[in-house]
Amino acid sequence: MFEINMTMVHDALNMFAFLTAELTALFLLISYLVGVLQMYIPPSKIQSILSAKNGKGYLVAAILGAITPFCSCSTIPFLKGLLRAKAGFGTMMVFLFASPLLNPIIIGLFAVTFGIKVTMFYFTMAMGVSVVAGFLLEKLGFEKYVRSEAYIEPDAATCGTGCGGAVAPVNKWRKIWDSTWSDFKKVLPYLIGGIAIGALIYGFMPTEFVARVANENNPFAIPIAAVIGIPLYIRAEAVIPLSAALAAKGMGLGAVMALIIGSAGASLTEVILLKSIFKNPMIVAFLVVILSMATGAGFVYSALF
């Protein structure tokens, strides 16, 4: 029988505090760095590199995603910067899918824990599906589901103290910070709400339960694992050790693959944050891509290995 104990409460509270501090710092840092990049790299340059009209743009976006150590949530401020730079929609989607799945941390841990062969399979699946999904979403016209306000630079203060008198020019670094802080205030309610729900799931969902419903004898193990992975927000540093523990408790490796992709590729917090950028049809499309990638990789892995 499932019982709540103080350890679970402690784990949930610790996860909430940790994620709140970490994601706040990451969001502010990445947003500020994006602002600095936008100051030195003209939007036209970014647009030309990640232009959907350039076939190489999709590959460049996937490679950019693979070398950036972003989790699913910290990808959001970078995505906003790409939107404001008017980069190609399809290539932006490739980056959104690839960045949390292919970052150097998760690939390194994957290789150490599961070996090179499994890592290469994971990398190939994540890279391939990300590129194909970005291309198809572009061709199907999903760009219309981007909220118009996502393209608008946030208002920043344009004067120093004493605005009633003479107007003082704002330092360029302060202007970037004002823009970053304005962005952060808009997403803060979504961020806190998503973290709270994710922390509760993290603290109160025992690994024994996950392994029991996703063992090798369950024909629905892979889709169940993929679905469980979405709300179960897991950092790149934690998803691999947790998956290894679940495999040791009886979870099939195909289901492990699905859980890793589902949890690393999307999270409840990220989906809530994406609502400030995308309309509902685009949110649904995003989840369909991640779930399809997770279940597809799980079934293919089970069939081949």
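Residues numbered from 1 in each chain as written. Predicted model: local features only at pLDDT ≥ 70, side-chain atom pairs only at ≥ 80, totals over all residues. Heavy atoms only, no water.

The helix and strand tally for the protein chain stands at 14 helices and zero strands. Across the protein chain, helices and strands are ordered from the amino to the carboxyl terminus as α-α-α-α-α-α-α-α-α-α-α-α-α-α. Residues counted as buried form 48% of the 305 residues belonging to the protein chain. Of the contacts made within the protein chain by residues no fewer than 6 positions apart, 82% connect residues no fewer than 24 positions apart. Carbon and sulfur atoms form 70% of the exposed surface of the protein chain, whose accessible area is close to 14,100 Å². (Helix = DSSP H or I, 4+ residues; strand = E, 2+ residues; numbered from the N terminus. Buried < 20%, exposed > 50% of the residue type's maximum accessible area, 1.4 Å probe, protein only. Contact = heavy atoms within 4.5 Å. Areas by Shrake-Rupley, 256 points an atom, 1.4 Å probe, with all protein chains shown as cover.)

Here we come to a nonpolar patch on the surface. Where nonpolar side chains cluster on the molecular surface, the patch consists of Val132, Phe135, Leu136 and Leu140 and spans about 380 Å² of accessible area. The topology assignment puts Leu140 in the loop between helix H7 (116-139) and helix H8 (172-204). (Patch = residues over 30% accessible without salt bridge, like charges linked within 9 Å, V, L, I, M, F, W, Y side chains within 5 Å. Salt bridge = Lys/Arg side-chain N within 4 Å of Asp/Glu carboxyl O.)

What follows is about the nonpolar core. By size, the foremost hydrophobic cluster in this structure holds 78 residues, and its most contacted members are Met93, Leu102, Tyr122, Met257 and Phe278. No other element matches the 10 residues that helix H14 (residues 280-304) contributes to this core. (Core = buried A, V, L, I, M, F, W, Y, C linked by side-chain atoms within 4.5 Å.)

The positions UniProt marks with the feature "transmembrane region" (unreviewed entry) are residues 12-37, 57-79, 91-114, 120-137, 187-205, 217-234, 246-269 and 281-304. Secondary structure within residues 120-137 divides into 100% helix and 0% strand; the distance between the first and last C-alpha atoms comes to 26 Å. Taken end to end, residues 281-304 is 100% helix and 0% strand, and its first and last C-alpha atoms sit 34 Å apart. (UniProt positions renumbered as here; feature names shortened; annotations may be inferred.)

When two helices pack together, their arrangement is given by the angle between their axes and by how far apart the axes lie. Across the interface, helix H10 (residues 221-229) lies against helix H12 (residues 253-265) with an axial gap of 7 Å and an inter-helix angle of 25 degrees. When the axis of H10 is compared with that of H12, the two are roughly parallel. The two elements H10 and H12 meet at a crossing, and its hand is right-handed. Two secondary-structure elements touch here, H10 through Ala221, Ile222, Ala225, Ala226, Ile228 and Gly229 and H12 through Gly254, Ala255, Ala258, Leu259, Gly262 and Ser263. (Axes fitted to C-alpha atoms, helices over the stretch in contact; angles between N-to-C directions. Parallel < 35°, antiparallel > 145°, perpendicular 65-115°, else oblique. Left-handed = near helix turned anticlockwise from the far one by under 90°.)

With that settled, the discussion passes to the packing of helix H5 (residues 89-101) against H7. For the pair H5 and H7, the least separation of the axes is 7 Å and the interaxial angle reads 155 degrees. Taken as axis vectors, H5 and H7 run roughly antiparallel relative to one another. Once H5 is placed against H7, the crossing between them reads as right-handed. On H7, the residues touching Phe89, Gly90, Met93, Val94, Phe97, Ala98 and Leu101 of H5 are Tyr122, Ala126, Ser130, Val131, Ala133, Gly134, Leu137 and Glu138. Considered class by class, the residues forming the contact of H5 with H7 number 11 nonpolar, three polar and one charged. (Nonpolar A, V, L, I, M, F, W, Y, C, P; charged D, E, K, R; others polar.)

Within this structure, the stated rule accounts for one salt bridge. The residue Arg174 makes a salt bridge to Asp178 at a minimum N-O spacing of 3.0 Å. Highlighted residues: Arg174 and Asp178, both in helix H8, separated by four residues, approximately one helical turn.

Next up on the list: the side chain of Ser263. Tracing the backbone shows Ser263 in helix H12. Polar contacts involving the side chain of Ser263 include one to the main-chain carbonyl oxygen of Ile260, which spans 3.2 Å. (Polar contact = N/O pair within 3.5 Å; in protein donor to acceptor, adjacent residues only side chain to side chain.)

Take the packing of aromatic side chains next. All chains considered together, the criterion is met by six aromatic pairs. Judged by centre distance (5.6 Å) and plane angle (10 degrees), the rings of Phe97 and Phe286 are stacked. Of this pair, Phe97 sits in helix H5 while Phe286 sits in helix H14, and the two are 189 residues apart along the sequence. Given the relative accessible area of 0%, Phe97 is considered buried. Phe286 gets classed as buried once you look at its relative accessible area, which sits at 0%. Aromatic side chains Trp181 and Phe184 sit 5.4 Å apart centroid to centroid with 35 degrees between the ring planes, which places their arrangement in the tilted category. (Phe/Tyr/Trp six-rings, centres within 6.5 Å; stacked < 30°, edge-to-face > 60°.)

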